[in-house]
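The chain contents come next:
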Amino acid sequence: MSLLEVDHLRTEFETGGNWQEAVSDISFDLAGGEALGLVGESGCGKSTVAFSLMRLLPGNARLAGGRIGFDGKDLARIDEDEMRRMRGGRIGMMFQNPMTALDPAFRIGSQIGETLQTHFDVDRKEARRMALELLKSVAIPAAEERLDAYPHELSGGMRQRAALAIAIACRPRLLIADEPTTALDVTIQAQILRLIRSLLIEERGAGVLLITHDLGVVAHTCDRVAIMYAGEIVETGTVASVFANPLHPYTQALLEAAPNARTPRGSLATIPGRVPALGKRPSGCRFRGRCAFERPDCADPAGPPRVRLDKHREVACVLHAA
Amino acid sequence: MSVAASSRLRTLPKPTPAAIGAAIVLFLAVLALLAPYISPYDSESMDFNAVLSPPSLAHLFGTDNFGRDVLTRALFGLRVSLIAAIGSVAAAMVVGVPLGLMAGYRRGFVDAVIMRPVDVIMAFPAIVLVVALAGVFRQSLGLMTLAIGFVYFPIIVRVMRGAAIEVSDALFVEGARARGASHVRIMARHVLPNAITPVLVQASALMGVAILMEAAISFIGLGVQPPTPSLGLMLSDGRSYMGDAPWLVICPGLGILVAVLGFNLMGDGLPRLLDAANRRRK
Amino acid sequence: MTSTVRRLLLLLPTLFGVSIVVFLLLRLIPGDPAQVIMGLRATPEGLAAITRDLGLDLPLHEQYVRWLGALFSGDFGRDYRSNVPVTQLLATRLPVTLELTLLSLLLALIVAVPLGVRAAVHPNGIADKAASVLGLIGISIPDFWLGILLVLVFSLTLGLFPSSGFVPFSDGILANLRAFALPALTLATGLSAVLVRVTRSAVTEVLSRDFVRFLKAKGLPPRAIINRHVLRNASVPIITVIGMQFGYLLGGAVIVEQVFDLPGVGSLIVTATMERNYPVVQAGMLVVALLFILVNLGTDLLYAWLNPRLRGGAR
């Protein structure tokens, strides 16, 4: 039984009077004790997936269909009050920009304590004690003093640790991390990722949905990976198998384009063309026009077939149809 | 009506608040200008047979305790209000715009020298200053207008200065300086046109404020004196008879409200209008 | 040097300037100041006495120093009509103006802030439209007219409140508040109009910030988010505006005190101006300006305290 089962999730955005699908037919699942990376370039809709799961979409967006199975309930269908009890409690979330995610007018300790007091029946003193423990667990030096610090008094890395502390405060079963390290220095990135891995996966057997555009982060921290392009998942599998043997042309291009130590100088590979904008996606396979292996059947309006090769290996491409 | 004409009517754009405001102001300005010609009676003619009479066909807004027609006096009072408003704001602009330009463009010592007196004037609530000045310069419409302008020119200076500072930091000013243009030329040709928008918005808001100020000062007896009519004076006179003749206080007050409302509506919509015009110019 | 001390020092030139303006006011009138003060009751001996008293025959800068010195020792001069020390007059009148101003501020806050918050949270709803209407009418309506209308309706027609006059605390708190009800309502309207607009725009801006979504992600109920976090962050522009509008309140008090016949500093200045009672006018102006400056200083300090980043020690 998976921790999180997402079936055929669809989310729409309203632009200039019409509703357009930003996220189409997304399906994946996540088990407890594993980290799933959701990878894609900016604009592919991965953050939208995160906010859809939390039902925190902005006013001009809405869930258009699908099922979100978590904790025996369908998150897409429960009412707002019940969803609110989930947020911060059974599901924790980390945002991308630590500079803007915390309320600048309140001290760190009180922001952590607030979460605790919302979900548990504890008084201020007890909440403060628990907040201190949480700060220590995310390896913030001088935790006692930092409890009374304001967000602007901390560096980006420390703010993200504090945000992590808030996200895990109520011992969630699932952590959704939306680009948690993108705004941080490389050295800090590794530390935060390590913390996420140890605190959630190793210690508690919780599940982590890690959203990122950085393949290195996925390789470092995740067990499985799902590749997103233009609002769809094009390939899923374990990190090992996808990185070693990418099946979808987009995945292959991504891996080739990522610079590494072995890339000869002056030969940074790019993917020709650009990610299509919301209303301008081609019919059929959305990677059409940029794919090196394009064939006539790629234009089939029903879309490319979803080929399941293995229990955890799936790709949406005609190249691999039986 | 033909089908084409009626369908064109249906697609007329809904008037913006700014347009409504401008229409009101224009309407009142015309009324005030033509007051001597369109008013049904002379503003001083008294009819002792019709003292304190309620609104009727003969007197659209009734008469006061001397039998004078309220509508007529209101029209002339409106004239005074508009003169005070336009005069004081014009005076404030004439003094405030150059000072603000200099303070914002030159900065440093010039800025400090200009802003200290400005700060001092702004340390007083406006009406306190006007009251004191009115006492000193005893009641003439011209001097009162200047006094109101004096009290409000600091606001123009501040707004102009702020806008000038922003524009002065722009690259094209650097370019002009590098070309050896004189300071005056830069201020007049480069800084002023680009920084004037917030000042114009402030000025139109000030018109409404000036009308209120003139009415208030006249109301407490320190503004224009009889026989010059003023909406504020009419209100203070009418107050004594309010119980029996409420129309005496409703008409003049409504006049003030509508005039100020018009200016405020216009001022609210001015930024959008000016920005659109600016963009078209570029 | 802490920011507080720095702010206080910056005030000095302004205070100096204010004192000069007030001092020069009497000397601006054409003619002999002593004659002006005594008016029609002038007698040669009386004129000589005043000239000696005020040192009017001394050079201007010496007069200024004398006058300033007297101020610092608490001598604001005398009311030449009644010979009462001006400080005494002010002592009885200032509390009335303060009570009026504070009651108006309270009333405006109670009405405008919740309305503005609701307008921001539910754009295009009833609250939003009401806020727009209040915002426009409130700044366009002459306050003395509003006062008159309120008297017409609530006093003359409905008989709920007195139409004028002041009832001191000693005669009963309820009677005192009833006397202030219509005046405070009048003054509060203009302030509410400005406040509701500022509140609405400040709250709208805060609601669009990232951390609000993070708060929702923590599972906080919307009520807590608004009341604790949004208001706290939006309070900065709101408080700044209140400080700026305090000048409006003080000025409005001048008019409202006249309309409702309240014995405050405002009506004192007006009456004294009409009677050419210049020592009183000067003292009144000084007090009002000082009050305004103090309130602005207080607002600045409050702003710094509320905005931790400005407490002088942020990264």
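Counting of residues starts from 1 at the beginning of each chain's written sequence and follows it residue by residue. Lettering of chains starts at A and numbering of ligands starts at 1, both following the order in which they are written. Note on the predicted model: pLDDT of at least 70 is required for a residue's local features to be given, and 80 or more for side-chain atom pairs to be given and counted; whole-chain, interface and lining totals, by contrast, use all residues.

Caption draft 1: Just the overall build of chain B, in detail. Summing up its helical and strand segments, chain B has 11 helices and 0 strands in all. Secondary structure elements in chain B, listed N-terminal to C-terminal, are α-α-α-α-α-α-α-α-α-α-α. Its C-alpha atoms put chain B at 75 × 65 × 30 Å along the principal axes. Residue pairs in contact within chain B that sit at least 24 positions apart in sequence constitute 72% of those at least 6 positions apart. Here a helix means four or more residues in a row that DSSP labels H or I, a strand means two or more in a row labelled E, and each is numbered from the N terminus. By definition, residue pairs are in contact when their C-beta atoms, positioned from the backbone, come within 7 Å.

Caption draft 2: How the structure looks around the overall build of chain C. From N to C terminus, chain C includes 12 helices and 0 strands. Each helix (α) and strand (β) of chain C, taken in turn from the N terminus, gives the series α-α-α-α-α-α-α-α-α-α-α-α. For chain C, the proportion of its 315 residues judged to be buried stands at 38%. Pairs at least 24 apart in sequence give 70% of the contacts found in chain C among residues at least 6 apart. Put simply, a residue is buried when 20 or more other C-beta atoms lie within 10 Å of its own C-beta and exposed when 12 or fewer do; between those, it is partly exposed, and each C-beta is set from the backbone.

Caption draft 3: Local environment of the arrangement of the chains. Here 2 pairs of chains make contact, and the pair sharing the most contacts is chains B and C. At the C-alpha level, the nearest point of chain A lies 20 Å from chain B, with no contact between them.

Caption draft 4: Spotlight on the packing of helix α5 (residues 86–121) of chain C against helix α11 (residues 265–274) of chain C. Residues and elements named next belong to chain C. The N-to-C vectors of α5 and α11 enclose an angle of 125°; their axes lie 7 Å apart at closest approach. Comparing the axis directions of α5 and α11 gives the class oblique. Seen from α5, the contacting residues are L89, L90, R93, L94 and T97; seen from α11, they are V265, G266 and L268. Residues were grouped as follows: Ala, Val, Leu, Ile, Met, Phe, Trp, Tyr, Cys and Pro as nonpolar; Asp, Glu, Lys and Arg as charged; and all remaining residues, including Gly, as polar. Its residues placed into classes, the contact of α5 with α11 shows 5 nonpolar, 2 polar and 1 charged. An axis is simply a line fitted to the C-alpha atoms; with a helix, the fit covers only the stretch in contact. Between two such axes, the angle follows the N-to-C directions and lies from 0 to 180 degrees. Any angle that is under 35 degrees is reported as roughly parallel, and any over 145 degrees as roughly antiparallel; angles of 65 to 115 degrees are reported as roughly perpendicular and all others as oblique.

Caption draft 5: Molecular detail of the interface of chain C and chain A. Contact with chain C, which involves 19 residues of that partner, is made by 24 residues of chain A. Broken down by secondary-structure element, the contributors of at least two residues to the side of chain C that touches chain A are α9 (210–217) and α10 (222–260) of chain C. Per-element accounting of the side of chain C that touches chain A gives the leading share, 7 residues, to α9 of chain C. Grouping the constituent residues of the side of chain C that touches chain A by class yields 8 nonpolar, 3 polar and 8 charged.

Caption draft 6: Structural detail: the sheet that holds strand β2 (residues 18–30) of chain A. Residues and elements named next belong to chain A. By definition, two strands form a pair when at least two bridges between them are found by DSSP. What the 4 strands build is an open sheet, ordered β2-β1-β4-β5; its pairing is antiparallel. The sheet is open, and its two edges are formed by β2 and β5 (73–74), each paired on a single side. Sheet strands in contact with helix α1 (residues 46–54) are β1 (4–15), β2 and β4 (61–70), and its direction is about 80° off that of β2.

Caption draft 7: Spatial organisation of the nonpolar core. In this structure, V130 and I156 of chain B are the most contacted members of the largest nonpolar core, which totals 164 residues. For this core, the leading source of residues is helix α4 (residues 70–106) of chain B, giving 19 residues. In contact with V130 of chain B, not counting residues within four places along its chain, are A147, I148, V151, M213 and I217 of chain B. By convention the nonpolar core is taken to be a set of buried residues drawn from Ala, Val, Leu, Ile, Met, Phe, Trp, Tyr and Cys and joined through C-beta atoms within 7 Å. M158, L193 and F287 of chain A together with A217 of chain C belong to the second-largest nonpolar core, a separate cluster that totals 96 residues.

Caption draft 8: Expanded view of the environment of L136 of chain C. Within the secondary structure layout, L136 of chain C lies in helix α6 (residues 126–140). Between the alpha carbons of L136 of chain C and A193 of chain C there is a distance of 6.9 Å; along the sequence they are 57 residues apart. Sequence-distant contacts of L136 of chain C, that is, excluding residues within four places in its chain, are made with L261 and N264 of chain B.

Caption draft 9: Seen up close, the interface of chain B and chain C. Across the boundary between the two partners, chain B contributes 34 residues, which contact 35 residues of chain C. Put simply, the parts of the chain that give the side of chain B that touches chain C at least two residues each are α5 (108–122), α6 (126–136), α9 (183–219), α10 (231–239) and α11 (247–281) of chain B. Here the residues of the side of chain B that touches chain C sort into 25 nonpolar, 6 polar and 3 charged.

Caption draft 10: Representation of the sheet that holds strand β11 (residues 306–310) of chain A within the structure. Residues and elements named next belong to chain A. Ordered by their spatial adjacency, 8 strands build an open sheet running β6-β7-β8-β3-β9-β10-β12-β11, and the pairing between neighbours is mixed. For this open sheet the edge positions go to β6 (91–94) and β11, each flanked by a neighbour on one side alone. Averaged over all pairs of adjacent strands, the angle between strand axes in this sheet comes to 20°, irrespective of strand direction. In this sheet, strand β9 (residues 224–229) lies alongside strand β3 (residues 35–39) in parallel orientation, the contact comprising 4 bridges. Bridge pairing links V39 to I227 in β9. Sheet strands touched by helix α7 (residues 156–168): β6 and β7 (174–178). Its angle to β6, the strand with the most contacts, is close to 165°.

Caption draft 11: Spatial organisation of the environment of A205 of chain B. Residue and element names in this part refer to chain B. With respect to the helices and strands, the residue A205 is situated in helix α9. Residues A205 and I156, 49 residues apart in the sequence, show an inter-C-alpha distance of 11 Å. Those residues in contact with A205 that lie beyond four places of it in its chain are N264 and G267.

Caption draft 12: Main features of unusual backbone geometry. Residue and element names in this part refer to chain A. Positioned with a positive phi, R55 is a non-glycine residue whose angle comes to about 55°. Turning to its location among the elements, R55 is positioned in the loop between α1 and β4. A positive phi angle, close to 50°, is found at R171, a residue other than glycine. Tracing the backbone through its elements, the reader meets R171 in the loop between α7 and β7.

Caption draft 13: Molecular detail of the packing of helix α4 (residues 108–119) of chain A against helix α5 (residues 124–137) of chain A. All names here are of chain A. Remark: α4 packs on α5, axes separated minimally by 8 Å, with the N-to-C direction vectors making an angle of 115°. Put simply, α4 runs roughly perpendicular to α5. Remark: the crossing between α4 and α5 carries right-handed chirality. Residue-level contacts link G109, I112, G113, L116 and Q117 of α4 to R124, A127, R128, M130, A131 and L134 of α5. Handedness of each helix crossing follows the sense of rotation of the near helix against the far helix: counterclockwise by less than a right angle gives left-handed, clockwise gives right-handed.

Caption draft 14: Just the pairing of β7 of chain A, in detail. All names here are of chain A. Most of β7 is tucked away, with 5 of its 5 residues classed as buried. Taking every second residue as pointing to the same face, both faces of β7 are buried, with L174, I176 and D178 on one and L175 and A177 on the other. As paired elements, β7 and strand β8 (residues 207–212) share 5 bridges and run parallel to each other. Bridge pairing links L175 to V208 in β8.

Caption draft 15: Spatial organisation of α6 of chain C. Helix span, expected: 1.5 Å multiplied by one less than the number of residues in the helix. Over its 15 residues, α6 of chain C extends 21 Å from the first C-alpha to the last, a length consistent with the 21 Å expected when each residue adds 1.5 Å. All of the buried residues in α6 of chain C are A127, A131, L134, G135, G138, I139 and S140 of chain C.

Caption draft 16: Expanded view of the pairing of β2 of chain A. Sheet analysis places β1 of chain A next to β2 of chain A, joined by 9 bridges and oriented antiparallel. Residue pairing in the sheet places E5 of chain A in a bridge with D29 of chain A of β2 of chain A.

Caption draft 17: Just the confidence of the model for chain C, in detail. Residues and elements named next belong to chain C. Confidence of the predictor at the level of single residues is captured by pLDDT, which takes values from 0 to 100. Residue-level pLDDT values for chain C average 82, and 88% of them are 70 or greater. A low-confidence stretch, residues 310–315 stays under pLDDT 50, and its non-local contacts, those more than four residues away or across chains, total 8 contacts. Here the predicted complex carries an ipTM of 0.84, next to a pTM of 0.81.

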